[in-house]
Amino acid sequence: MVFNNTMFLLVLLRLHLFLLVSCLDYHQNPHHSLLKDKAALLAFKRTIVYDPYAILSNWNESVFVCDFNGVFCDKHRHRVAQLVLNDSELVGTLSPFLSNLTGLRNLTIINSHLYGTIPPEFSHLRHLHHLRLEKNNLHGPIPGSLALIRNLTVLTLLQNNFSGKIPPALFSNCTLLEILDISGNSFTGEVPIEIGKCRQLWNLNLYNNQFSGRLPLSLSNTTLVNLDVEYNHFSGELPIEIVKNQPKLRYLHLSYNDMVSHDGNTNLSPFFTSLGNCTELMELELAGMGHGGTLPDSIAKLGVNLVTLLLQENQLYGSIPPSIANLSSLMVLNLTTNLLNGTIPDEISQLSKLEQLFLSHNLFTSSIPKALGHIPHLGLLDLSHNKFSGEIPRSLGNLVRVNYLFLNNNLLSGKIPSTLGKCTDLYKLDLSHNGLTGAIPPEISGMSEIIIFINLSYNQLEGPLPIELSKLEDVQEMDLSSNNLSGSIFPQISSCIALRLINFSNNLLQGNLPESLGELKNLEVFDVSRNHLSGMIPVNLNKSGTLTFLNLSFNKFEGMIPLGVVFNSVTYTSFLENKHLCGAVPGIPKCSRKIGGNAAAENMGNSTVNLCGSIGYIAPEYGFVDPSLMRDSRNQSPEVKKMWEAAIGELIELGILCTQESPSTRPTMLDAADDLDRLKRYLCGDTTTTFASSLGISSSTLGDD
């Protein structure tokens, strides 16, 4: 009994000592661990060479480690549990000392400029659940030692410069992995079959790498919701065996690989049928893989939840099956760049949620179905580069939510329907390269929200430019070239204050260019070549300081080409076949007037003239030429009057030169005085002298003609 009591006392003593030690550990160990964590973080800071936002500014010895920016301790504040540095743009390396943060559960550094490799010492982070190093400049392979982090559930390394193969052990050991995103790198080789051991894997992003081979069949053991392997070199048949066992699959992106459909890449029906089990499927992308054959009726089996279907850049032919109407949730349908040559079924109007319809670059030859005008939410309709014929349906005017309407490069004829004016939310309208006739409907002014471009070029439109175009105040580009439009360019065009490009070339326009063009402060391109425009080129174009391309060729402009910001940078090719133009542009004849002596010329020479630098205007009515001189000229004989008018013209041209904005293009005071002296001697009868302006204006003696 004494023995038993003694043993009992010994057990109690041991238990007491154990509890005492544990208590001491509880109070001392956390402090020791936090000191170790702090040292590891300060060591990491020393490897950062640039911290533009001073994120790490409070990482120092005087600050409690749990208060460091981006650092989160556990609830007992015993260990650093999370290091999260998002959008900090740090420059430096991943220090291996971070592996001393052995209590770390989340290491996230996104959108910085970290370089170098992932330290193999990270394998010591045995409690790590999330490793996210997205959008950096890291390189090298995934270290095999990461496979020792058995608790890893999230691994995202997207948009770096990683390369090499995925180590199979990563999947053999990290069987709790749920999210793997290594897209936007240069990984190669095949995906290891061991990936099937990660049965909880639901999000797999491998897009934009250089993977090859077949997708491993073991993926059917996972619980995929998202599978994105676009822009790789995966081969083999479309993965029926994988997807048919994925009832929770929502996003399937296989585009731009080397996969083929069944029966020699001519039959999509088996694959579409296999997706019938994926009742939650929302996005299917199979673009750019050369799939042939027709669109099968089994497209209807893609389900009522499908929102996006991308089949562009394949070799599909035939018609769009009416069964497509069963995809009642479809919002985006892209069949661009195929060989479709049948009809668009009227049933397409039953896709009441459709917002974007891309059918360009096919071989459609029918008329545009009226049914397209009855899709209430359609915001983009692209039927360009086909062989659609007939008239544009008036029903398209019902697309009051359409932002982008492309019907260009077809065989359409008839008039532009006035109902398009009801498309008040249009940003882009392109009806170019068709056979449209008639006038531009004034209702076009209803498209006042056009903010990008309107292109009606290469048609057979006629009649005057509708002044209603001036109500398109936010349009940036207006191309009406290569039509039969007539009349003049209306001054109100200056209301289109956002215009960067105007192309009215190859029409039948007449009259003068409006001075108001100078009010278009954003104008970069102005092309009115191959018309019947005439008169002087407006000096106000110099106000458009952004104008870099000017084409006035093949018209009937006359007089002097203005000088200034715009005109100093153009070449003679901007003025081809304008036979009555002159000026200082190389390749263009210099301006000339014939001036002779006369007794009355002395009065002209003695008239009051404001010299360069002391005047603000160039026109006679604003004071460049003495008003009394203008009045006196009206009372002279026809011969003298002609001579005076020529001389006044010389003074005006000199005034134009004197008021140029750039000092480098203005004559000096001495040059101007010398020019005026020569002109005076002309007028006084000195026939031995020739008048030549310092910037290219020249005169010769007045003859009898």
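Everything numeric here is computed off the predicted structure, so don't read it as measured data. (Residues numbered from 1 in each chain as written. Predicted model: local features only at pLDDT ≥ 70, side-chain atom pairs only at ≥ 80, totals over all residues. Heavy atoms only, no water.)

A. Molecular detail of the overall build of the protein chain. When helices and strands are tallied, the protein chain shows nine helices and 42 strands. Carbon and sulfur atoms provide 53% of the accessible area of the protein chain, an area that totals close to 31100 Å². (Helix = DSSP H or I, 4+ residues; strand = E, 2+ residues; numbered from the N terminus. Areas by Shrake-Rupley, 256 points an atom, 1.4 Å probe, with all protein chains shown as cover.)

B. Expanded view of the nonpolar core. F271, L284 and F575 are the most contacted members of the largest nonpolar core, which totals 162 residues. The set of elements that each furnish at least two residues to this core consists of α1 (2–46), β2 (71–73), β3 (80–86), β5 (106–110), α2 (169–173), α3 (240–243) and α5 (269–274). The element that contributes the greatest number of residues to this core is α1, accounting for five residues. Among all residues touching F271, those that are not within four sequence positions of it are L238, P239, I240, V243, L252, L254, L284 and L286. (Core = buried A, V, L, I, M, F, W, Y, C linked by side-chain atoms within 4.5 Å. Buried < 20%, exposed > 50% of the residue type's maximum accessible area, 1.4 Å probe, protein only. Contact = heavy atoms within 4.5 Å.)

C. Main features of a negative patch on the surface. On the surface, a cluster of negative charge is made up of D425, E449, E473 and D474. Mapped onto the fold, E473 is located in the loop between β31 (460–464) and β32 (477–479). Here E473 falls in the partly exposed class, since its relative accessible area comes to 44%. (Patch = residues over 30% accessible without salt bridge, like charges linked within 9 Å, V, L, I, M, F, W, Y side chains within 5 Å. Salt bridge = Lys/Arg side-chain N within 4 Å of Asp/Glu carboxyl O. Lys, Arg positive; Asp, Glu negative; His and termini not counted. Charge placed at Lys NZ, Arg CZ, Asp CG, Glu CD.)

D. Spotlight on the pattern of salt bridges. Applying the stated criterion across every chain, the model contains eight salt bridges. The closest approach of N and O atoms between R79 and D37, which form a salt bridge, is 2.9 Å. Taken together, the positions of R79 in the loop between β2 and β3 and D37 in helix α1 put the pair 42 residues apart, joining distant regions of the chain. Notably, a salt bridge pairs R77 with D67, separated by 3.7 Å at the nearest N-O pair. Of this pair, R77 sits in the loop between β2 and β3 while D67 sits in the loop between β1 (48–50) and β2; the two residues are 10 residues apart in sequence, bridging distant segments of the chain. Residue D67 is classed as partly exposed on the basis of its relative accessible area of 43%. Salt bridges linked by common partners bring E477, R500 and E524 together as one network.

E. Up close: the sheet that holds strand β4 (residues 91–93). The strand order across the open sheet built from eight strands is β1-β4-β6-β8-β10-β12-β14-β16, with neighbouring strands paired in mixed fashion. The sheet is open, and its two edges are formed by β1 and β16 (233–234), each paired on a single side. Where strand β12 (residues 186–189) lies against strand β14 (residues 210–213), two bridges are found, and the strand directions are parallel. From the neighbouring strand, G189 faces β14, where its bridge partner is F211. (Pairing = 2+ DSSP bridges.)

F. Broad picture of the UniProt feature "domain: Leucine-rich repeat-containing N-terminal plant-type" (unreviewed entry) in the protein chain. Per the UniProt record, the feature "domain: Leucine-rich repeat-containing N-terminal plant-type" (unreviewed entry) sits at residues 36–74. Counting secondary structure, residues 36–74 comes out at 28% helix and 15% strand; the distance between its end C-alpha atoms is 15 Å. (UniProt positions renumbered as here; feature names shortened; annotations may be inferred.)

G. The arrangement of the state of the cysteines in detail. All chains considered together, the criterion is met by two disulfides. Each disulfide pairs two cysteine sulfurs, and for C66 the partner residue is C73, the sulfurs being separated by 2.0 Å. Between C66 and C73 the disulfide shows an S-S torsion of about -100°. By sign, it is left-handed. In this model, C582 is linked to C591 through a disulfide, with the two sulfur atoms separated by 2.0 Å. For the disulfide bridge between C582 and C591, the dihedral angle about the S-S bond is near 95°, and by the sign convention the bridge is right-handed. Among the cysteines around C174, which has no disulfide bond, C198 carries the closest sulfur, lying 7.2 Å off. Since its relative accessible area comes to 0%, C174 is described here as buried. (Disulfide = S-S within 2.5 Å.)

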